[in-house]
Amino acid sequence: MRVDYRGGGRYAPSPSGDLHIGNLRTALLAWMFARSTGRTFRIRMEDLDRVAAGSAERQLADLAGLGLDWDPPVMWQSRRLANYDNAISELQGRGLTYTCYCTRREILESPSAPHAPAGAYPGTCRHLTSAQERAHLDAGRRPAIRLRSHVTEFTVSDALRGPYTGIVDDFVLRRGDGIPAYNLAVVIDDNAQAVDQVVRGDDLLSSAPRQSYLATTLGLTPPTYAHVPMVLNTERKRLAKRDGAVTLGDLKAVGVGTPQVLSLIANSLNLADPGEVVTAELMLARFIPATLPSEPWVLDPADLLHH
Ligand code: GLU
């Protein structure tokens with residue numbers, strides 16, 4: 001039974017190329033989590049960076065081709081720069097930001113601060129003097145803006161993993177090239193789209209504490225999360241387009257149609273028998289989060305050709 005509920009779920013692809021079978025599977029999961037709980041389902045194009053011409057349109061067509069429906073309008077991050085500016089200004093006004101001139105290499109090579117966990121920004125630029133700032137600017141460096149975090153870790157609630165505690169460092173809000181950082185945009189936009197349930201690949205689990213902390217800092221309610229296992233190639237690395245024919249377009253070209261792809265995905269999620277033809281609606285009707293596999297789906301793209 002569906003209940004009337006005002007929150008929402010979402011799928012937020014980066015239009016840097018065509019979606020592959022792993023991305024499509026995550027999108028189906030996000031849609032099923034949202035729809036099975038009476039939520040709206042939103043699409044957001046994370047097109048601040050690395051956009052490949054035409055790929056956003058093809059991604060939308062592929063999602064629709066699988067049978068997913070979403071609540072319009074599609075959000076485009078590239079049209080929302082003022083919203084990110086406003087949030088950064090608010091944080092600046094509250095003394096919660098600082099400029100950072102570190103290069104990626106300097107961060108990697110810098111000894112960690114005594115209390116900074118591995119993988120955390122060590123706070124090198126937290127207390128720069130104006131003379132030091134000027135020297136960096138004179139050297140032609142363009143600063144990033146970082147959040148001045150008041151915590152070192154934060155706990156989020158994940159529907160599949162339970163509570164998860166991870167690092168919160170002074171992460172970047174705006175990159176040195178002026179582009180708003182993913183961790184900022186995602187928080188502002190999930191709130192703007194009334195998203196209270198974030199379902200995405202578990203490669204992003206470690207980002208959730210930073211995002212949740214930032215939401216809290218901005219006075220927003222953090223979403224609940226479900227980080228779903230990824231699709232891996234036979235080397236147990238994240239599936240990528242170079243692994244073979246893994247997009248709907250590639251697969252169609254070698255005679256594997258969308259219904260077969262859907263059938264494979266459904267089977268991988270324990271929502272269909274091997275070879276059973278299903279629709280997205282039927283998967284939704286069968287969807288129970290508790291029966292999802294907790295292990296990644298290891299896929300040999302060559303096997304797709306034999307279905
Ligand atoms: N745009 C991100 C990606 O494609 C996903 C962001 C998110 O779901 O929070 O990896």
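Bear in mind that the values here come from a model prediction, so they are computed numbers and not experimental data.

## A look at the nonpolar core
I21, L28, M32, I265 and M283 are the most contacted members of the largest nonpolar core, which has 49 residues in total. Going through the elements one at a time, α1 (21-35), β2 (40-45), α2 (55-66), β10 (224-228), α8 (248-253), α9 (258-268) and α10 (280-286) are the ones with two or more residues in this core. Top element by residues in this core is α1. It accounts for 10 residues. In this structure M32 touches L269, L271, M283, L284 and F287, once residues within four positions along its chain are discounted. One finds A87, V168, V187 and L214 within the second-largest nonpolar core, a separate group that totals 21 residues.

## A look at the side chain of Q211
Looking at the secondary structure, you find Q211 in helix α7 (residues 208-217). Within the structure, the side chain of Q211 is placed 2.9 Å from the side chain of R200, a separation counted as a polar contact.

## A closer look at the packing of helix α3 (residues 81-93) against helix α6 (residues 182-192)
Between α3 and α6, the shortest axis-to-axis distance is 10 Å and the interhelical angle comes to 105°. It follows from the interaxial angle that α3 and α6 lie roughly perpendicular. Taken together, the residues of α6 that come into contact with α3 (itself represented by N83, Y84, A87 and I88) are L184, A185, I188 and D189. Each residue belonging to the contact of α3 with α6 can be placed in one class, and the counts come to 6 nonpolar, 1 polar and 1 charged.

## Quick word on the site of the ligand
Taken together, R10, A12, P13, S14, E46, Y182, V186, R200 and L204 make up the full set of residues near the ligand. In the environment of the ligand, an oxygen atom lies 2.6 Å from a nitrogen or oxygen atom belonging to the side chain of R10. One of the side-chain nitrogen or oxygen atoms of S14 is found 2.9 Å away from a nitrogen atom of the ligand. Considering the ligand on its own, with 300 Å² of exposed area, one finds that the protein chains cover 75% of that surface.

Conventions we followed
- Residues numbered from 1 in each chain as written.
- Predicted model: local features only at pLDDT ≥ 70, side-chain atom pairs only at ≥ 80, totals over all residues.
- Heavy atoms only, no water.
- Core = buried A, V, L, I, M, F, W, Y, C linked by side-chain atoms within 4.5 Å.
- Buried < 20%, exposed > 50% of the residue type's maximum accessible area, 1.4 Å probe, protein only.
- Helix = DSSP H or I, 4+ residues; strand = E, 2+ residues; numbered from the N terminus.
- Contact = heavy atoms within 4.5 Å.
- Polar contact = N/O pair within 3.5 Å; in protein donor to acceptor, adjacent residues only side chain to side chain.
- Axes fitted to C-alpha atoms, helices over the stretch in contact; angles between N-to-C directions.
- Parallel < 35°, antiparallel > 145°, perpendicular 65-115°, else oblique.
- Nonpolar A, V, L, I, M, F, W, Y, C, P; charged D, E, K, R; others polar.
- Near = heavy atom within 4 Å.
- Areas by Shrake-Rupley, 256 points an atom, 1.4 Å probe, with all protein chains shown as cover.

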